[in-house]
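Below are the chains, spelled out letter by letter.
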Amino acid sequence: MTLHSTAFFASSKSDSAFDDLSASLRDPRPHPTEDALVQLGRALMTELVDVISDTALEDFQTILGEALIGAFHSAAGRIERDADRARDTMRSLQRDFDGSEAADVELQEATATARAGDAATQAAELIRDAASDTWTIATGEVWTAWRGSRRGTFLTAAQLEAKQAIRAVRNRRAGEQDPGGPIVAFRGAPTADTQEDAGRIFDALNWAKQEWPDMALATTGAKGSEKLAIRWAQQKGVKLILARADFDAHGKAAPFRANDQLIALEPEICLTLVQSVDRARGEQRPFGPALNLGQKAMENGMRHMPIKARAA
């Protein structure tokens, strides 16, 4: 017995990588299409927002919305780990393959398990990303993975934990966890969340992308201006590196420890927005962590560009 060829499907490829993969599995049961999975993610989030909006649960909308998206993110990770175990089995069977029919059957079964897991992982990611997009459109909030890396499916943006990215920079390993290009770091005030702030942040990031077309954006994912920067990265298909502030481990020093992680990424430039540029906000206290990142950039011989209001 030999592994089934997938040559039959080469002449009938669709525009969807997921649909092509699921079709090649030759499972007698049909897979849902990519369009159906995307619609499912949108419908689930739309239903959640519609039900809890303008009710007493609205105060908990962010927690509930992020929990729904996070559930599919966690499911994708669990399925992928099972598929990886099947691939480990495949490698072992290939190494010890003796040509017998029993060994051949085992290899086929492990291969089928791994490929089915790959399809299920992609399915969960499609639902997750569609729900995440719908959440952003409905609420203006941006969901980011609580832990680990978020690998985009039909999105091109990827979100990487800072520790993974730092390790990749140091080791220059090829693969998904390598930022793959120059890094632009950004820290901004949580109160800088107005339309005028968004315009200045997007202007600065668009300039950076012109300077470094294959840039990755590194930030801590804090609310306000950094969420606006994350939204820009998603819209532009820019890889995103998250250096999260770990308050459990570092307490009040957590935002500054996060800055250390950003500096360790060796960014080409550090962009900072220490306060809202919207003059209607009046006098504001500069945001300490953004000031701190600018200081650390200069101390380490890195470029620093503060974002300021447009000239009157």
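Described in the following lines is the structure provided in the data block. (Residues numbered from 1 in each chain as written. Predicted model: local features only at pLDDT ≥ 70, side-chain atom pairs only at ≥ 80, totals over all residues. Heavy atoms only, no water.)

**Thoughts on the overall build of the chain**
For the record, the criterion: Numbered from the N terminus, helices here are DSSP runs of H or I no shorter than four residues, and strands are runs of E no shorter than two. Think of it in three bands: with a 1.4 Å probe and only protein chains considered, a residue is buried below 20% of the maximum accessible area for its type, exposed above 50%, and partly exposed in between. Note on contacts: a residue pair qualifies if any of its non-hydrogen atoms lie within 4.5 Å across the two residues. To measure how exposed things are, a 1.4 Å probe is used in the Shrake-Rupley method; for residues, cover is taken only from the protein chains shown.
When helices and strands are tallied, the chain shows 10 helices and 6 strands. Within the chain, buried positions represent 43% of all 312 residues. Relative to all contacts within the chain whose residues are 6 or more apart in sequence, the contacts with residues 24 or more apart total 68%. Accessible area of the chain: about 16700 Å², with a carbon and sulfur share of 51%.

**Re unusual backbone geometry**
The backbone of Asp54 sits at a positive phi, close to 60°, despite the residue not being glycine. Topologically, Asp54 is positioned in the loop between helix 2 (34–52) and helix 3 (61–95). By relative accessible area, Asp54 is classed as exposed at 71%. Residues other than glycine seldom take positive phi values, yet Glu266 does so here, at roughly 55°. Secondary-structure assignment places Glu266 in the loop between helix 9 (254–264) and strand 5 (269–273). Residue classification places Glu266 among the exposed residues on the basis of a relative accessible area of 52%.

**Describing the nonpolar core**
For clarity, the cut-off: Each nonpolar core is a collection of buried residues, namely Ala, Val, Leu, Ile, Met, Phe, Trp, Tyr and Cys, held together in the definition by side-chain atoms within 4.5 Å.
In terms of nonpolar packing, the biggest core is built from 28 residues, with Phe186, Met215, Leu217 and Leu271 touching the most fellow members. Filtering out sequence-adjacent residues up to four positions away, Leu271 remains in contact with Val184, Ala185, Phe186, Arg187, Ala204, Leu205, Met305 and Ile307. Counting 13 residues, the second-largest nonpolar core is a separate cluster that includes Ala216, Ala243, Ala297 and Met302.

**Looking at the packing of helix 9 against helix 10 (residues 288–299)**
As a reminder, the rule being used: To define axes, lines are fitted to C-alpha atoms, for helices over the stretch in contact only, and angles between the resulting N-to-C directions are given on a 0 to 180 degree scale. For any helix crossing, the convention is left-handed if the near helix is rotated counterclockwise from the far helix by under a right angle, and right-handed if that rotation is clockwise. Classification convention: Asp, Glu, Lys, Arg as charged; Ala, Val, Leu, Ile, Met, Phe, Trp, Tyr, Cys, Pro as nonpolar; all other residues, Gly among them, as polar.
Two elements in contact, helix 9 and helix 10, have axes separated by 10 Å at closest approach and are oriented at 35°. Judged by the twist between their axes, the crossing of helix 9 over helix 10 is right-handed. Two secondary-structure elements touch here, helix 9 through Pro255, Phe256, Asn259, Asp260, Leu262 and Ile263 and helix 10 through Gly288, Pro289, Asn292, Leu293, Lys296 and Ala297. Tallied by class, the residues present in the contact of helix 9 with helix 10 amount to 7 nonpolar, 3 polar and 2 charged.

**Comments concerning the side chain of Asp197**
Quick reminder of the rule: Identification of polar contacts relies on pairs of N or O atoms within 3.5 Å, with a donor-acceptor requirement for protein atoms, meaning one able to donate a hydrogen and the other able to accept it, and with residues adjacent in sequence counted only if both atoms are side-chain atoms.
Mapping Asp197 onto the fold places it in helix 6 (residues 195–211). Of the residues examined, Asp197 reaches a relative accessible area of 0% and is grouped as buried. Within the structure, the side chain of Asp197 is placed 3.1 Å from the backbone nitrogen of Asp193, a separation counted as a polar contact. Look past the residues within four positions of Asp197 in its chain and what remains in contact with it is Thr191, Ala192, Leu273, Ser276, Val277 and Asp278.

**Brief notes about the packing of aromatic side chains**
Two aromatic rings, taken as a pair, are described by how far apart their centres are and by the angle between their planes. We apply this condition: Put simply, two rings from Phe, Tyr or Trp (the six-membered ring, in Trp's case) pair if the centres are within 6.5 Å, and we call them stacked under 30 degrees between planes, edge-to-face over 60, tilted for the rest.
Enumeration over the complete set of coordinates arrives at 1 aromatic pair. Summarising the aromatic geometry, the rings of Trp207 and Trp212 are spaced 5.9 Å apart at their centres and angled 85° between planes, so their arrangement reads as edge-to-face.

**Some words on a nonpolar patch on the surface**
Note the following rule: Surface patches are drawn from residues lacking salt bridges whose relative accessible area is over 30%; two like charges belong together within 9 Å, two nonpolar side chains (Val, Leu, Ile, Met, Phe, Trp, Tyr) within 5 Å. Here, a salt bridge means any Lys or Arg side-chain nitrogen found within 4 Å of an Asp or Glu carboxyl oxygen.
A surface patch of nonpolar side chains, about 370 Å² in accessible area, is lined by Leu57, Phe60, Ile63 and Leu64. Assignment of secondary structure puts Ile63 in helix 3.

**A word on the pairing of strand 4 (residues 239–242)**
The test is simple: Between any two strands, pairing holds if DSSP finds at least two bridges. Call a crossover right-handed when, viewed with both strands pointing away from you, the route from the first strand across the helix to the second goes clockwise.
Of the pairings in the sheet, the one linking strand 3 (residues 216–219) to strand 4 comprises 4 bridges and is parallel in character. Along strand 4, the bridge assignment pairs Thr219 with Leu242. At this point the chain moves from strand 3, through helix 7 (residues 225–236), to the parallel strand 4, and the crossover so formed is right-handed.

**As for the pairing of strand 3**
Residues Ala216 and Ala218 of strand 3 are buried on one face, and the alternating residues Leu217 and Thr219, pointing to the opposite face, are buried as well. Pairing between strand 2 (residues 183–188) and strand 3: 3 bridges, direction parallel. By the bridge assignment, Val184 is partnered in strand 3 with Leu217. Handedness of the crossover is the feature at issue here: the chain leaves strand 2, passes through helix 6, returns alongside strand 3, and the resulting connection is right-handed.

**What about the side chain of Gln284?**
Locating Gln284 in the fold gives a position in the loop between strand 5 and helix 10. Among the polar contacts made by the side chain of Gln284, one reaches the main-chain amide nitrogen of Ser276 at a distance of 3.0 Å. Beyond its immediate stretch of four places on either side in the chain, Gln284 contacts Thr191, Gln275, Ser276 and Asp278.

**Quick notes on the environment of Phe256**
Take Phe256: it is sitting in helix 9. Along the sequence, Phe256 and Pro289 sit 33 residues apart, while their C-alpha atoms lie 6.0 Å from each other. Filtering out sequence-adjacent residues up to four positions away, Phe256 remains in contact with Gly288, Pro289, Asn292 and Lys296.

**A short note on the pattern of salt bridges**
Scanning the model with the defined rule gives 8 salt bridges in all. The residue Arg85 makes a salt bridge to Asp82 at a minimum N-O spacing of 2.2 Å. Taken together, the positions of Arg85 and Asp82, both in helix 3 and 3 residues apart, correspond to about one turn of that helix. Of the charged contacts in the structure, one is a salt bridge between Asp203 and Arg200, with a shortest N-O distance of 3.4 Å. Of this pair, Asp203 and Arg200 both sit in helix 6, 3 residues apart, which is roughly one turn of that helix. Judged by relative accessible area, Asp203 falls into the partly exposed class, the value being 34%.

Remember, this is a structural readout, not a statement about activity or role.
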